[in-house]
Amino acid sequence: MTATEARAKAASWLEERLDLSAVREAIGHKTVPVHSATRWYYFGGMTLFLFAIQIITGILLMLYYRPTVSEAFESVQFIMTRVQFGWLIRSIHSWSANLLIFIAFVHMFSVVFTHAYRKPRELTWLTGIALLGLMLFFGFSGYLLPWNKISYFATKVGTDVAANAPLVGPAIARFLRGGDDVGGATLTRFFAFHVMILPLTALLLVGLHILLVQQHGMSTPPWIGPSGVRQMRFFPNFFLRELMVWYCALAALGALAAIFPWELGDKADPFASAPAGIRPEWYFLAQFYTLKLIPSHVWIFEGEILGILGFGLLALGWALLPFWGTDQVGAARTRLVAGAGVVMVSYLAAFTVLGYVK
Amino acid sequence: MRAPFIALLLAPLGLLAQQAAKNSCLNCHSALDGEAQRPALLIKNDVHTTNGLGCADCHGGDPASDDPGVAMNPAKGFIGKPARTAIPKLCARCHSDPNFMRKFRPQQRVDQFELYQTSVHGKRLAEGDENVATCIDCHSVHEIRAVKDPAAPVYPLHLPETCARCHADSKKMAKYGIPTNQFAEYQTSVHWNALKVRGDLSAPTCASCHGNHGAKPPQVESVAAVCGSCHVLFAQLYQKSVHEPIFSAASGGGGCIVCHSNHGIHQPSTAMLEGPKAVCSQCHDAGTPGAKTAVEMAGWLDGLDSALKHSESVLAEADKAGMEVSEAQAKLSDGRDDLVKARLALHAFQPVDMKKPIDAGMAVASETLHAGQAALHEKDVRRMGLAISVVFIGITIFAIWALIRRLEPKGGLPRDASTTPR
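Within every chain, residues take consecutive numbers counted from 1 along the sequence as written. Note on labels: chains are lettered from A, ligands numbered from 1, in written order. It should be noted that, the model being predicted, local features are given only for residues of pLDDT at least 70 and side-chain atom pairs only at 80 or more, the latter also being counted only at that level, while totals for whole chains, interfaces and linings use all residues.

Q: Please provide a residue-by-residue account of the overall build of chain A, values included.
A: Along chain A, the regular secondary structure elements total 14 helices and 4 strands. Burial is judged by counting other C-beta atoms within 10 Å of a residue's own C-beta: 20 or more means buried, 12 or fewer means exposed, and anything between counts as partly exposed, with every C-beta placed from the backbone. Considering chain A as a whole, with its 358 residues, one finds that 34% of them fall into the buried category. By definition, residues are in contact whenever their C-beta atoms, placed on the basis of the backbone, come within 7 Å of each other. Considering only contacts in chain A between residues 6 or more positions apart, those separated by 24 or more positions represent 78%. Numbering goes from the N terminus for both helices and strands, where a helix is a DSSP run of H or I of at least four residues and a strand is a run of E of at least two.

Q: Summarise the overall build of chain B; cite the residues concerned and give the values.
A: A tally of helices and strands in chain B yields 23 helices and 0 strands. Out of the 422 residues belonging to chain B, those deemed buried represent 22%.

Q: I'd like a description of the interface of chain A and chain B, backed by residues and values.
A: With 33 residues of chain A in contact, the opposing surface of chain B contributes 27 residues. Listed by contribution, the elements that provide at least two residues to the side of chain A that touches chain B are β1 (31-34), α4 (72-81), β2 (230-233) and α10 (234-259) of chain A. Of all the elements, α10(A) adds the most residues to the side of chain A that touches chain B, at 13 residues. For the side of chain A that touches chain B, a count of residues per class yields 19 nonpolar, 11 polar and 3 charged. Three categories are distinguished: nonpolar for Ala, Val, Leu, Ile, Met, Phe, Trp, Tyr, Cys and Pro, charged for Asp, Glu, Lys and Arg, and polar for the others, with Gly belonging to the last.

Q: For α10(A), give the residues involved together with the corresponding values.
A: By this rule the span expected of a helix is its residue count minus one, scaled by 1.5 Å. With 26 residues, α10(A) extends 35 Å from end C-alpha to end C-alpha; this agrees with the ideal 38 Å at 1.5 Å per step. Among the residues making up α10(A), those that are buried are Phe238(A), Arg241(A), Glu242(A), Leu250(A), Leu253(A), Gly254(A), Ala257(A) and Ala258(A). Tucked into the core, α10(A) has its buried residues touching β1, α3 (41-62), α5 (86-113) and β2 of chain A together with α23 (351-407) of chain B.

Q: Mind laying out the confidence of the model for chain B, listing which residues take part and the relevant values?
A: All names here are of chain B. The score called pLDDT rates the predictor's confidence residue by residue, from a low of 0 to a high of 100. Looking at chain B as a whole, the pLDDT averages 87, with 89% of positions reaching at least 70. Throughout residues 5-19 the model reports pLDDT below 50, and contacts reaching past four residues in sequence, or to other chains, amount to 1 contact. This model gives residues 415-422 a pLDDT under 50, and the stretch forms 13 contacts once residues within four places in sequence are excluded. Across the interface, the model reports ipTM at 0.85; the global pTM reads 0.70.

Q: Account for the nonpolar core, with residues named and values stated.
A: Structurally, a nonpolar core is described as a collection of buried Ala, Val, Leu, Ile, Met, Phe, Trp, Tyr and Cys residues joined by way of C-beta atoms within 7 Å. Within the largest apolar cluster, 64 residues are counted, with the highest numbers of intra-cluster contacts made by Leu50(A), Ile92(A), Leu100(A), Ala104(A), Met135(A), Leu144(A) and Trp147(A). Counting only elements with at least two residues in this core, the list comes to β1, α3, α4, α5, α6 (122-144), α7 (149-163), α9 (184-216) and α10 of chain A. Element by element, the count of residues in this core is highest for α5(A), at 14 residues. If we ignore the near neighbours within four places in the chain, the residues touching Ile92(A) are Ile53(A), Thr57(A), Leu253(A) and Ala257(A). Among the nonpolar cores identified, the runner-up in size contains 26 residues, and Leu273(B), Leu346(B), Val364(B) and Leu369(B) belong to it.

Q: Tell me about the packing of α10(A) against α23(B), residues and numbers included.
A: At a minimum axis distance of 10 Å, the contact between α10(A) and α23(B) shows a crossing angle of 170 degrees. Looking at the two axes, α10(A) sits roughly antiparallel to α23(B). Residues that form the contact of α10(A) with α23(B) fall into these classes: 19 nonpolar, 5 polar and 3 charged. Structural elements are reduced to axes, namely lines fitted to C-alpha atoms, with helices fitted over the stretch in contact, and the angle between N-to-C directions of any two is expressed from 0 to 180 degrees. Between 65 and 115 degrees an angle is taken as roughly perpendicular, under 35 as roughly parallel, over 145 as roughly antiparallel, and anywhere else as oblique.

Q: Tell me what's going on with the environment of Ala162(A), and back it up with residues and numbers.
A: Residue and element names in this part refer to chain A. Structurally, Ala162 can be placed in helix α7. Taking the C-beta count within 10 Å as the criterion, Ala162 has 19 such neighbours and is therefore assigned partly exposed. Taking the C-alpha atoms as reference points, Ala162 and Ile308, 146 residues apart in sequence, are found 8.2 Å from one another. Setting aside its immediate chain neighbours within four residues, Ala162 contacts Gly169, Ile172, Ala173 and Leu176.

Q: Lay out the environment of Ala360(B) in plain terms, naming residues and giving numbers.
A: Residues and elements named next belong to chain B. Mapped onto the fold, Ala360 is located in helix α23. Judged by the 18 C-beta atoms lying within 10 Å of it, Ala360 is partly exposed. Spatially, the C-alpha atoms of Ala360 and Leu339 are 9.1 Å apart, while their sequence positions differ by 21 residues.

Q: If you had to explain helix α21 (residues 289-320) of chain B to someone new, which residues and values would you point to?
A: Residue and element names in this part refer to chain B. Here α21 contains 32 residues, and its C-alpha end-to-end distance of 46 Å stays within 8% of the 46 Å for a straight helix at 1.5 Å per residue. Among the residues of α21, those classed as buried are Ala294, Met297, Ala298, Trp300, Leu304, Leu308, Ser311, Val314, Leu315 and Ala318. Structurally, α21 contributes buried residues whose contacts are with α22 (326-345) and α23. Gly322 occupies a position one or two residues after α21 and carries a positive phi of about 90 degrees.

Q: Lay out the packing of α5(A) against α6(A) with the relevant residues and their values.
A: Residue and element names in this part refer to chain A. Remark: α5 packs on α6, axes separated minimally by 10 Å, with the N-to-C direction vectors making an angle of 160 degrees. Classified by the angle between their axes, α5 and α6 sit roughly antiparallel to one another. Relative to α6, α5 is oriented so that their crossing is left-handed. When α5 is examined against α6, the residues Ala97, Leu100, Ile101, Ala104, Met108 and Val111 are found in contact with a partner set consisting of Trp125, Gly128, Leu132, Met135, Leu136, Phe138, Gly139 and Gly142. Taken together, the residues of the contact of α5 with α6 break down into 11 nonpolar, 3 polar and no charged. Note: crossing handedness is left-handed where the near helix turns anticlockwise from the far helix by less than a right angle, and right-handed where it turns clockwise.

Q: Hey, could you go over the environment of Tyr42(A) for me, with residue numbers and the actual values?
A: Residues and elements named next belong to chain A. Within the fold, Tyr42 resides in helix α3. Each C-alpha atom of the pair Tyr42 and Glu242 lies 6.3 Å from the other, and the pair is 200 residues apart in sequence. Those residues in contact with Tyr42, other than ones at most four positions away along the chain, are Glu242 and Val245.

Q: If you had to explain unusual backbone geometry to someone new, which residues and values would you point to?
A: Residues and elements named next belong to chain A. Cis rather than trans, the peptide bond between Lys119 and Pro120 has omega equal to 10 degrees. Position of Pro120 relative to the elements: it lies in the loop between α5 and α6. Here the bond from Phe235 into Pro236 is cis, since omega is 10 degrees, no more than 30 degrees from zero. Its location among the elements puts Pro236 in helix α10. Positioned with a positive phi, Trp147 is a non-glycine residue whose angle comes to about 55 degrees. Topologically, Trp147 is positioned in the loop between α6 and α7. The buried category is assigned to Trp147, around which 24 C-beta atoms lie within 10 Å.

If you want it as structure tokens, here you go:
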């Protein structure tokens, strides 16, 4: 029996047991519009690719990681020094986490600027925003797990900020820390969030997000006319292009891990004083710097509480973008959303840089 | 109606209080010029003033009277400016009285005068030598501050200069025939560096070795004990060493100072063991077994020191390259401990005792060097692995691109005007 015959036989065996004709049909008919903004479609796929990398490397790290105050740092040190390719897995996991958040932001803004959030894609947008929030929480919870000095104090700062949220702040902070302060209970709790609660929720949302994308197809920007849009078959034409982008990302991750291995630092010491200039991860820097700029009291309100309330309202307004950012006639709202997008990107970029520099 | 009546009743008490607080000494001396005015200006910072004592408590007289004839009447106990020979006893009236001193500070020492009488200063003063230091020469007069006051002349940071005011004065010291270079030498010492540069208040000053009120040079037999009060382990080893009886018999100061000197104690190094400035060569001629042992011990110390430094630099290079070497860096501190132990063991002057920490330190240096070199090698392997994988990824990307070109010949993508989901 030749290889072709064997393949055909195996395919037929599968076909008899799993009726994949519907899937094949869907893939075969799926197309991707080709226009000046097509390149932005790749960012969604790249986010998915990096998420897959996170799951794979995360599972491998979990084989050795021990989530206790006395063993967390040592187990990561063991992974970095003794486990075969442990350094590579851990560095790729850390670099990929940061790249994933960056790419997710790029993907979100590409959706804003191409106005892909419009009807009937409101739910796609909402699941995407929820996924971005989950990614940020993934980053926040994962940052503490090596239990080193910087991550310990950054988590203290982060949970202190949460504690200042109006009404529910202290309860949220206590829930996150598992007590009054960051300690062993926080580490166990963050580990549970990071490897169980967040992945399960994220997988469900990713599934729903992809399902919605399949259902509605790829959005075409409003400035492209209703007719004459060229189409590219998703499989294999677009998929092969995505594969090229994923390989490029893989090479970049490998280079970052080999040339700039992710540092471990010193073990956390809760009794030591906080290192000078402690700050959260880069994706929280803009908010952190903004809170620093707000005076301690604004009229009768505490500055920090006001700031957190402001961020909450801003996030809510942003999440509800499809509901206020579209209009039936004219393009006034579209221009407003584009303007808001430019302001948001400028603010995040400028304040992240300022938060890093100052 | 009731208030004026109470005021009238309390008036005599007010007058009494005014009378008690009156200090005519201060009133008159404040109005005088020059030296006569000086005490009145200085006294406000004096620890005695802040504790409620006045001029008359030392000088006698009647401060309640504005008439100088009455205020400074010897019949009222006025003694004027006390003679220098009388000063220690005058201060001791209160400072040797535990019942009186307890009122101000329950734990205040009261043995200063007793100690002073045993000091070189006290003995000479008793013989009538007014040139020697009395209480006021160190503590100042009329502006006497508590020892813990950073502005006090006897505060640890200022004490060397206070002693040097007399002991660095060649004219003053001429008649005693003692050197005046102690302060200059002390300024070159590790102790001065600790005190003045690092601001370490526990660093030894003159009083730490000589005593303060009972100040005198330590005797030859007690030098090791004086140094050993801080350098405990060094002193213990030295006491058991072959050098102890020999150095104790040395004339002109023995013990630790034979090798380390006294006031100008410099940072010890292996140059003390070998080379042109070797202190061992003062007694052990070149080529003798003692000199050979000293050279051998210097070689061990230098060898371990440079081995540890080499390991440290290799680990630092690996660390800078992003390699995880914190475990080895922590281990390196064990090696540094061994070097300190070896330097300590040297004071027993038994090469066998010293070899133990040297060997342990060399083992640490070798182990950490190996870890650093392995990390650097690993770094190179990673870069090579990266280069190879990038080549393979590049080939794969090229292959995919070629496949796309095959799937989409010349004409490019088909044009499809059908309804596109929007």
